[in-house]
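# Structural overview for review
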Amino acid sequence: MTEAVGDALGNAGGDPAAGTVVGQPASQAGETKGKIEGNLRREAAWGLLRARALTLLPAKIYTKALGRLGRDEPAACSDADRLLARAIGEAVAAAAARSPFRAACLEQVIAARRMLRRRGLSGTISLGIARQGDLAAHAWLTAGGEVISGQAPLDDFAVIGRFG
């Protein structure tokens, strides 16, 4: 996650190699980057817990949290928004790896989508089933035309629903 947050701060008008922001000393910019990463990870951990509780409810209830069926997100977004979306995806993946429960792909995309929405960004949750082999399902989140959560060999899955 450090790379995406560092890029976002660097693109704000400072020295990308040093991770500085215009108007801030290098030490202060580093603290800012650390605070941003910490806040994203903390929010991701709470979001995963919330999503876990939600997915324990009947599907009829938690599918409302996915959004409207058949709606896609707009593909265009700014570079800064794309970097923020990547940082959110990385924060959710890091929180899932440290979670005391197995945070499935669906819970991760619900948490990441909520984090995007809190920042005024849009994303599309896609649900798919395996094309071949065992019955398997997968969920992933796209924002700005790229997958930010639920990275897997997506060609192996047939999309059965998109929620925007």
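A few points on the structure. (Residues numbered from 1 in each chain as written. Predicted model: local features only at pLDDT ≥ 70, side-chain atom pairs only at ≥ 80, totals over all residues. Heavy atoms only, no water.)

With that out of the way, let us pick up the overall build of the protein chain. In terms of regular secondary structure, the protein chain is built from 5 helices and 4 strands. Listing every helix and strand of the protein chain by position from the N terminus yields α-α-α-α-α-β-β-β-β. Counted over contacts in the protein chain with a minimum sequence separation of 6, partners at least 24 positions apart contribute 69%. (Helix = DSSP H or I, 4+ residues; strand = E, 2+ residues; numbered from the N terminus. Contact = heavy atoms within 4.5 Å.)

A separate point is the packing of helix H4 (residues 79-97) against helix H5 (residues 105-118). One way to put it is that H4 packs onto H5 with a least axis distance of 10 Å and a crossing angle of 140°. When the interaxial angle is binned, H4 and H5 end up oblique. Note that H4 runs across H5; the crossing there is right-handed. For the pair H4 and H5, contact is made by Ala85, Ile88, Val92, Ala93 and Ala96 and by Gln108, Ala112, Met115 and Leu116, respectively. Grouping the amino acids of the contact of H4 with H5 by side-chain chemistry returns 8 nonpolar, 1 polar and no charged. (Axes fitted to C-alpha atoms, helices over the stretch in contact; angles between N-to-C directions. Parallel < 35°, antiparallel > 145°, perpendicular 65-115°, else oblique. Left-handed = near helix turned anticlockwise from the far one by under 90°. Nonpolar A, V, L, I, M, F, W, Y, C, P; charged D, E, K, R; others polar.)

Within the largest apolar cluster, 29 residues are counted, with the highest numbers of intra-cluster contacts made by Leu48, Ile88, Val92, Leu106, Leu116 and Leu141. Breaking this core down by element, the ones donating at least two residues are helix H2 (26-55), H4, H5 and strand E2 (137-143). With near-sequence residues (within four places) excluded, Leu48 lies in contact with Val92, Ala95, Ala96, Phe101, Ala103, Glu107, Gln108 and Ala111. (Core = buried A, V, L, I, M, F, W, Y, C linked by side-chain atoms within 4.5 Å. Buried < 20%, exposed > 50% of the residue type's maximum accessible area, 1.4 Å probe, protein only.)

With 6 of its 7 residues buried, E2 lies for the most part within the structure. With 6 bridges connecting them, strand E1 (residues 124-130) and E2 associate as antiparallel partners. Residue pairing in the sheet places Ile129 in a bridge with Ala137 of E2. Linking E1 to E2, which pair antiparallel, is a turn of 6 residues; within it Gly133 sits at a positive phi near 80°. One ladder, built from 3 bridges, connects E2 with strand E3 (residues 146-149); its direction is antiparallel. Among the inter-strand pairings, Thr142 is bridged to a residue of E3, identified as Val147. (Pairing = 2+ DSSP bridges.)

Enumeration according to the criterion identifies 1 aromatic pair in this entry. Considering the side-chain rings of Trp140 and Phe157, the 6.4 Å spacing of their centres and the 50° angle between planes classify their relative orientation as tilted. You can see Trp140 sitting in strand E2 and its partner Phe157 sitting in strand E4 (residues 157-163), a full 17 residues away along the chain. With relative accessibility at 5%, the residue Trp140 sits in the buried group. A residue is classified by how much of its surface remains accessible, and Phe157, at 13% relative accessible area, is buried. (Phe/Tyr/Trp six-rings, centres within 6.5 Å; stacked < 30°, edge-to-face > 60°.)

Read across the open sheet, the 4 strands follow the order E3-E2-E1-E4; overall the sheet is antiparallel. The open sheet terminates on both sides in strands that have one partner only, identified here as E3 and E4. Across the sheet, the mean angle from the axis of one strand to that of its neighbour is 40°, orientation sign disregarded. By the bridge criterion, 6 bridges tie E1 to E4 in an arrangement that is antiparallel. Considered in E4, the bridge of Ile129 is made with Ala158. H4 contacts E2 and E3 of the sheet and is inclined by roughly 35° relative to E3.

The next thing to look at is the environment of Gly67. For Gly67, the location among the structural elements is in the loop between helix H3 (59-62) and H4. Distance in space between the C-alpha atoms of Gly67 and Arg162 is 8.8 Å, their sequence separation being 95 residues. If near-sequence neighbours (up to four positions away) are discounted, Gly67 is found in contact with Arg113, Arg117, Phe163 and Gly164.

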